[in-house]
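# Fold and geometry: a report
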Amino acid sequence: MRDLVEGRLYGEVPYVRMGRGPPLLMATGLAAEHTNPSGFERRMMYRMMSPFAEHFTVYGANRKPGLAPGVTMSDIAGHKAETIEHDIGEPVFLLGLSTGGSVSLQLAIDRPHLVRRLVLLVSACRLSPHGRHIRAELARLTKEGNHRRAWSQLAEAAAPRAFRYPARALAWIAAPTMSAQDPSDMLVTIAAEDQFDADPDLNRVSAPTLVVGGGADPFYSTDLLHRTAAAVQDGRAVIFPNKGHGYASASRTAANIILGFLLAGSTT
């Protein structure tokens, strides 16, 4: 992972960067801390960025730290927009993963001129009711200091069906290293996404949009994935039947589909 460069963008937004070519901004999923990844999470981030780095300058960007209570998804998207304007200086290809997809979608609604193509990976216009419940449990258990149960129930929900119990066990073991000393930023982000519903504004998304998800994802239902793709100005959906949140987000097949979609717009 020597080719990873890390630092902070405008507004102290942490990022890692690799590759060459047009800018591709990857908005990462929900994290315990708004910092650059390390250890296992860093290896996973590298694995996610690698397929795109041959063709794009890939920025893996977390959210701005020190979020104030009551911050909205539009506020968080605004932080990303500021980094694009101040540090990248041109419209970007934008790939949002899970919660990062909510941020990316809001950015494409609020600042359409900054987005060349948009990919929502295991993300949609809002969380499903079950997804909201899982996130609410993460927040409740985190506030209670029960980090093992908080992360194990989240890992179980996100894992492929055959690996749910092993994922729960691994998260139970790893929870002390996954948890933040100060989880305030994560809790503020969860609250912002709980209120997030882009459905009324989807027609404002002008960038060609690809929605990729799993048909068995508890966070984003098939209906929400299709609804999001159908309501933007130029959208399409790729859904893996009977696959969950973790499969679609880590699948090499999904990465290849996304790469083809992005490359189709890299010369326009």
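Throughout what follows, the structure given in this document is the object of discussion. (Residues numbered from 1 in each chain as written. Predicted model: local features only at pLDDT ≥ 70, side-chain atom pairs only at ≥ 80, totals over all residues. Heavy atoms only, no water.)

### Some points on unusual backbone geometry
Keep this limit in mind: Per the convention used, a helix needs a DSSP run of H or I reaching at least four residues, while a strand needs a run of E reaching at least two, with both numbered from the N terminus. A 1.4 Å probe rolled over the protein chains alone gives each residue an accessible area, and that area as a share of the maximum for its type sets the label: buried under 20%, exposed over 50%, partly exposed in between.
The phi angle at Glu12 is positive, at roughly 65°, despite the residue not being glycine. Within the secondary structure layout, Glu12 lies in the loop between strand 1 (5-9) and strand 2 (13-18). Judged by its relative accessible area of 46%, Glu12 falls in the partly exposed class. Positive phi values are uncommon outside glycine, yet Ser98 reaches one of about 55°.

### Remarks on the packing of aromatic side chains
The criterion, for reference: We call Phe, Tyr and Trp rings a pair once their centres come within 6.5 Å, taking the six-membered ring for Trp, and we label the pair stacked below 30 degrees between planes, edge-to-face above 60, and tilted otherwise. The rule for a charge over a ring is simple: NZ of Lys or CZ of Arg within 6 Å of the ring centre, and within 35 degrees of the ring normal.
The tally for this structure, following the rule as stated, stands at three aromatic pairs. Aromatic pair Phe56 and Phe93: ring centres 5.2 Å apart, planes at 65°, arrangement edge-to-face. Placement of Phe56 in the loop between helix 1 (39-53) and strand 4 (57-61) and of Phe93 in strand 5 (residues 92-97) is noted, with a sequence separation of 37 residues between them. Each member of the pair, Phe56 as well as Phe93, is classed as buried. Of note, Arg117 hangs over the ring of Phe261, and the distance from its end group to the ring centre comes to 4.7 Å. Positioned over the ring face of Tyr247 is Lys243, at 4.7 Å from the centre of the ring.

### Describing the nonpolar core
Most often, soluble globular proteins have nonpolar side chains that are buried together. Test applied: Think of a nonpolar core as a cluster: buried Ala, Val, Leu, Ile, Met, Phe, Trp, Tyr and Cys residues, connected wherever their side-chain atoms sit within 4.5 Å. Residues count as neighbours in contact if any of their non-hydrogen atoms are within 4.5 Å of one another.
Core analysis: the biggest nonpolar cluster contains 58 residues, and Leu105, Leu107, Leu118, Leu138 and Phe219 have the highest contact counts within it. Per-element tally for this core: the top contributor is helix 2 (residues 73-88), with six residues. What Leu107 contacts, discounting residues up to four positions off in sequence, is Ala77, Lys80, Ala81, Ile84, Leu94, Pro112, Leu114 and Val115. Of all hydrophobic cores here, the second largest spans 27 residues; its members include Val16, Val58, Val212 and Ile258.

### Focus on the pairing of strand 8 (residues 235-240)
Heads up, the condition is: Each pair of strands is called paired provided DSSP finds at least two bridges between the two strands. When the strands point away from the viewer, a crossover counts as right-handed if the path from the first strand over the helix to the second runs clockwise.
Across six bridges, strand 7 (residues 209-214) lies against strand 8 in parallel orientation. Within strand 8, the position partnered with Thr209 by the bridge is Gly235. Regarding topology, helix 8 (residues 222-231) serves as the crossover connection from strand 7 to the parallel strand 8, and that connection is right-handed.

### With respect to the sheet that holds strand 8
Definition in use: Every axis corresponds to a line fitted to the C-alpha atoms, with the helix fit spanning only the stretch in contact, and the corresponding angles, defined between N-to-C directions, vary from 0 to 180 degrees.
Ordered by their spatial adjacency, eight strands build an open sheet running 1-2-4-3-5-6-7-8, and the pairing between neighbours is mixed. Only two strands of the sheet have a single neighbouring strand rather than two, namely strand 1 and strand 8. This sheet shows a mean twist of 20° between the axes of neighbouring strands, independent of strand direction. Of the pairings in the sheet, the one linking strand 3 (residues 23-27) to strand 4 comprises five bridges and is parallel in character. Residue pairing across strands places Leu25 opposite Tyr59, the latter belonging to strand 4. Its contacts with the sheet put helix 1 on strand 1, strand 2, strand 3, strand 4 and strand 5, and the angle it makes with strand 2 is roughly 50°. With respect to the sheet, helix 10 (residues 252-264) is in contact with strand 3, strand 5, strand 6 (115-121), strand 7 and strand 8, its orientation differing from that of strand 6 by roughly 165°.

### A few points about the packing of helix 1 against helix 10
Test applied: Oblique is the label for any angle not covered by the other classes, which are roughly parallel (under 35 degrees), roughly antiparallel (over 145) and roughly perpendicular (65 to 115). For a crossing to be left-handed, the near helix must be turned anticlockwise from the far one by less than a right angle; the clockwise case is right-handed. Three classes are used, and their members are as follows: Ala, Val, Leu, Ile, Met, Phe, Trp, Tyr, Cys and Pro are nonpolar, Asp, Glu, Lys and Arg are charged, and the others, Gly among them, are polar.
Between helix 1 and helix 10, the least distance of the axes is 10 Å, while the angle of their chain directions is 40°. Looking at the two axes, helix 1 sits oblique to helix 10. Remark: the crossing between helix 1 and helix 10 carries right-handed chirality. Here Arg47, Pro51 and Phe52 of helix 1 lie close against helix 10, whose contacting residues are Arg252, Ala255, Ile258, Leu259 and Leu262. Tallied by class, residues from the contact of helix 1 with helix 10 come to six nonpolar, no polar and two charged.

Interpretation in functional terms is not warranted from these geometric data alone.
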